[in-house]
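Close look at the chain arrangement
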Amino acid sequence: MRDAERLLRENGIRVTAQRLAVLNAVSVRPHATADDLANDVRASIGSVSRQAVFDALGMLADRGLIRRIQPARSAARYEDRVDDNHHHLVCRECGCMVDVDCAAGYRPCLDPDDDQGFDVDEAEVIYWGYCPACQEAPAATAPGH
């Protein structure tokens, strides 16, 4: 777990109990949804509004301290693994998400054939498939991870 208080101070962000709890929750449970993280924050510090957690997540993502991942047809998820070359595997059945190192090469990992004049500084790849547990389970009883 990263030192959340130091991280906030180094980035010129006022340290609050809510921000510390959000950073710690993201660190403990990568790839969690905002609702899951709000529940974790409430368990950690008591009463806090859902909107306050959403606001903290948005600000921390905007500042680059956490990463927001938005798989198609899925709620946004958050992680604190930032500034490296990694992507994600997502199970089509249960929705579990795991990190996978970069497909190939250096950042931004995948260079477009024609960048249309863009200065590309990031590529986001989400691999879709079926996790090992869902491959083994009958379709009607596949576990949710």
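The preceding data block contains the structure.
Scope of this entry: the structure provided in the associated data block. (Residues numbered from 1 in each chain as written. Predicted model: local features only at pLDDT ≥ 70, side-chain atom pairs only at ≥ 80, totals over all residues. Heavy atoms only, no water.)

If you trace the backbone, Arg50 turns up in helix H4 (residues 50-62). According to the relative accessible area criterion, Arg50 is partly exposed, its value standing at 45%. Placed 16 residues apart in sequence, Arg50 and Ala34 show a C-alpha to C-alpha distance of 8.6 Å. Those residues in contact with Arg50, other than ones at most four positions away along the chain, are Asp35 and Arg42. One polar contact links Arg50 to Asp35, side chain to side chain, over a distance of 2.7 Å. (Helix = DSSP H or I, 4+ residues; strand = E, 2+ residues; numbered from the N terminus. Buried < 20%, exposed > 50% of the residue type's maximum accessible area, 1.4 Å probe, protein only. Contact = heavy atoms within 4.5 Å. Polar contact = N/O pair within 3.5 Å; in protein donor to acceptor, adjacent residues only side chain to side chain.)

Attention now moves to the packing of aromatic side chains. A complete count under the given rule lists 0 aromatic pairs for this structure. Positioned above the aromatic ring of Trp128 is the side chain of Arg73, whose terminal nitrogen or guanidinium carbon lies 5.7 Å from the ring centre. (Phe/Tyr/Trp six-rings, centres within 6.5 Å; stacked < 30°, edge-to-face > 60°. Lys NZ or Arg CZ within 6 Å of the ring centre and 35° of its normal.)

One pass over the full model with this rule turns up 9 salt bridges. Between Arg6 and Glu10 there is a salt bridge, with its nearest N and O atoms 2.9 Å apart. Of this pair, Arg6 and Glu10 both sit in helix H1 (residues 4-10), separated by 4 residues, roughly a single helical turn. Look at Arg6 and you get partly exposed, because its relative accessible area is 43%. Owing to a relative accessible area of 53%, Glu10 belongs among the exposed residues under this scheme. (Salt bridge = Lys/Arg side-chain N within 4 Å of Asp/Glu carboxyl O.)

Okay, the sheet that holds strand S4 (residues 86-91) next. Taken in spatial order, the 3 strands line up as S5-S4-S6 in an open sheet, and their pairing is mixed. Whereas interior strands pair on both sides, the edge strands pair on one side only; in this sheet they are strand S5 (97-101) and strand S6 (126-129). Within the sheet, the average angular offset between the axes of one strand and its neighbour, ignoring direction, is 30 degrees. For S4 and S6, the ladder comprises 4 bridges, and the chain directions are parallel. From the neighbouring strand, Cys91 faces S6, where its bridge partner is Gly129. (Pairing = 2+ DSSP bridges. Axes fitted to C-alpha atoms, helices over the stretch in contact; angles between N-to-C directions.)

The N-to-C vectors of helix H2 (residues 17-28) and H4 enclose an angle of 70 degrees; their axes lie 10 Å apart at closest approach. Relative to H4, the element H2 lies roughly perpendicular. From H2, Gln18, Arg19, Val22, Leu23 and Val26 reach across to H4, where they touch Ala52, Val53, Ala56, Leu57, Met59 and Leu60. (Parallel < 35°, antiparallel > 145°, perpendicular 65-115°, else oblique.)

Such coordinate-based values are descriptive only and should not be taken to indicate function.
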